[in-house]
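Working through the structure, step by step
Here are the chains, one letter per residue:
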Amino acid sequence: MNKNRQLHPLMLAGTGSDVGKSVLAAAFCRIFRQDGYHPAPFKAQNMALNSFATPEGLEIGRAQAVQAEAAGIPCHTDMNPLLLKPQSDHTSQVVLNGRPIGNRSAYDYFRREGREELRQAVCAAYDRLAARYHPIVLEGAGSLAEINLRDTDLVNLPMAMHAGADVLLVGDIDRGGVFASVYGSLLLLRPEERKRVKGILINKFRGDLRLFESGVKQLEELCGIPVLGVIPYFKDIHIEEEDSVALAAKAYRAEQGKVNVAVVLLRHVSNFTDFNVLERDERLHLFYTNNVDELAQADIILLPGTKSTLDDLHDIRRNGVAQAIVRARRNGATVMGICGGYQLMGERVSDPNHVEGEQESLPGLGLLPVVTEMQGEKVTRQVRFTLHGRDEAMEGYEIHMGKTERRPGTSALPLNRLADGTDEGCWAGPGCMGTYIHGILDNPAFVDFLLEPHRAKLSAGASRFDYHQFKEQQYDKLADHVRKYVNLPLLYEILTTNHHD
């Protein structure tokens, strides 16, 4: 592949949400990297509860961090300059260039007033990124034809036009109506917008591809642009999910010869990607639940991060989950909390300045001798650390708005020692611990430590799982899958042809 060829930026836009844009963007980031280019992902505005801390200690959407990983480069806020973190059905925390700038209702956010400042900010981020990487793989948001939001849109065709990007329209055939959604999306575009759309990708196809050959021809005749590929649905390639919709489907069933691990399914769960590694570890069976009977059967209970700690604390006290966790711990289960889950495990969570909402204070589960106070200043940073008393270096990241302190006079110890010498987390004896470090389970040494009390349950020959190596294999498998079903020579021709718009 001639890596000296100048490629246009590529945007993957969708006929709607959840059509597979994020995963396809990761695929093309890996493909361009394999072909000798130096690509980078970009999404002007992302709405997600899964976020990640950059090396500079700033916050971006997790999906762009995954795409950067596929591209083989460090993530940066310029890849996702605007992040909306939902706090309720109507409001979101707005994170601009990695730092929170306040909470906004959906109505206020999408008003025209102030949109130009945001537009300038995301365009400036794109320009900085495009000066460092080539090509840029842009991802749209939702549908590219949300005509009611056309004048305030920062993500889709206005961004493609600023970047000079060639757009591929992604349609999800699995949900049905792919002809109407693709053709209708194009018909709703203005003429100058439609010129930017250079091809169609049909995603999540099930069955015999030969049965859709006539459909490809009909779409090309209707739309006047080529179908670059029909990509089959896959189940054997594991790329991080952006939404929590599928979590409840990862249901309970105890398995012999494995350690059964329950993640408490909180209403405001965030950063659930912390547990992806455990889904792939053959020593474990992972499931998500808020069923008290299922929690009672778990060997390990994990409390995840949450966007609304006090709301979720109120919920699990009301529905009996809190009592079930305490009872399981008393009966010998390991209980561990990460970030908001760590806060829930303490003696009290207070919010005197109403950072989260109207609730000022609630008692926690009382499993750890710590108290938490919610604070307006968000901590975002990558960290290196060791387990207290051990030498193996590990890494992760922090994203939280509370400060948690151990109660004086307690026998509990810090869980971790950070590279700067400070203590982190709390360890109240084997099988009871909490930490603010996301990604802590991505470290094989920590998973081994978590499993130590339960080794008797493991099958003979069970061994440590290397998640980093696994993820690299998945990105390569994804790239191979897309290469097989996408007309890459035609795509490269589109990305190098000077179009006369």
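One numbering rule holds for all chains: residues counted from 1, following each sequence as written. In view of the model being predicted, local features appear only for residues whose pLDDT reaches at least 70, and side-chain atom pairs are presented and counted only at 80 or more, with totals across whole chains, interfaces and linings using the full set of residues. Hydrogens are left out, water is left out, and the side-chain values use all remaining heavy atoms of the structure.

1. Points about the pairing of strand 6 (residues 82-86)
Regular strands place side chains that alternate from one sheet face to the opposite one. Most of strand 6 is tucked away, with 4 of its 5 residues classed as buried. Summarising the sheet, strand 3 (residues 45-47) and strand 6 pair through 3 bridges and their orientation is parallel. Within strand 6, the residue paired with Met 47 across the bridge is Leu 84. Accessibility here uses a 1.4 Å probe with only protein chains present; expressed as a share of the type maximum, an area under 20% marks a residue as buried, one over 50% as exposed, and anything in between as partly exposed. Numbering of helices and strands starts at the N terminus; helices are DSSP runs of H or I of at least 4 residues and strands are runs of E of at least 2. Strand pairing is assigned whenever DSSP detects at least two bridges linking the two strands.

2. Considering the packing of helix 6 (residues 178-187) against helix 8 (residues 213-223)
Angle between the axes and distance between the axes: these two values describe a pair of packed helices. With their axes 10 Å apart at the nearest point, helix 6 and helix 8 run at an angle of 15 degrees to one another. When the axes of helix 6 and helix 8 are compared, the pair comes out roughly parallel. Here the hand of the crossing between helix 6 and helix 8 comes out right-handed. Between helix 6 and helix 8, the contacting residues are Phe 179, Val 182, Tyr 183 and Leu 186 on the first element and Gly 215, Gln 218, Leu 219, Leu 222 and Cys 223 on the second. A breakdown of the residues in the contact of helix 6 with helix 8 according to their chemical character gives 7 nonpolar, 2 polar and no charged. Every axis corresponds to a line fitted to the C-alpha atoms, with the helix fit spanning only the stretch in contact, and the corresponding angles, defined between N-to-C directions, vary from 0 to 180 degrees. Working rule for angles: under 35 degrees goes down as roughly parallel, over 145 as roughly antiparallel, 65 to 115 as roughly perpendicular, anything else as oblique. Note on convention: the crossing is left-handed when the near helix lies turned anticlockwise from the far helix by less than a right angle, right-handed when the turn is clockwise. We call two residues contacting when some pair of their heavy atoms lies within 4.5 Å. Ten residues, namely Ala, Val, Leu, Ile, Met, Phe, Trp, Tyr, Cys and Pro, are considered nonpolar, four, namely Asp, Glu, Lys and Arg, are considered charged, and the remaining ones, Gly among them, are considered polar.

3. Section: the environment of Arg 329
The topology assignment puts Arg 329 in helix 12 (residues 321-330). Measuring from C-alpha to C-alpha, the distance between Arg 329 and Cys 432 comes to 7.9 Å, with 103 residues separating the pair along the chain. Among residues more than four places away in sequence, those in contact with Arg 329 are Thr 334, Val 335, Leu 367, Pro 430, Gly 431 and Cys 432. Polar contacts involving the side chain of Arg 329 include one to the main-chain carbonyl oxygen of Pro 430, which spans 3.1 Å. Each polar contact in these results corresponds to two N or O atoms within 3.5 Å; when the atoms are within protein, one needs to be able to donate a hydrogen and the other to accept it, and residues that are neighboring in sequence are counted only if both atoms are side-chain atoms.

4. Concerning unusual backbone geometry
Going from His 134 to Pro 135, the amide bond is cis rather than trans, its omega being -5 degrees. The residue Pro 135 is located in the loop between helix 4 (115-130) and strand 9 (136-139) in this model. With a phi close to 65 degrees, Lys 204 is a non-glycine residue in the positive phi region. One can find Lys 204 in strand 11 (residues 197-205). With a phi close to 50 degrees, Asn 271 is a non-glycine residue in the positive phi region. Within the element layout of this structure, Asn 271 appears in the loop between strand 14 (269-270) and helix 9 (276-280).

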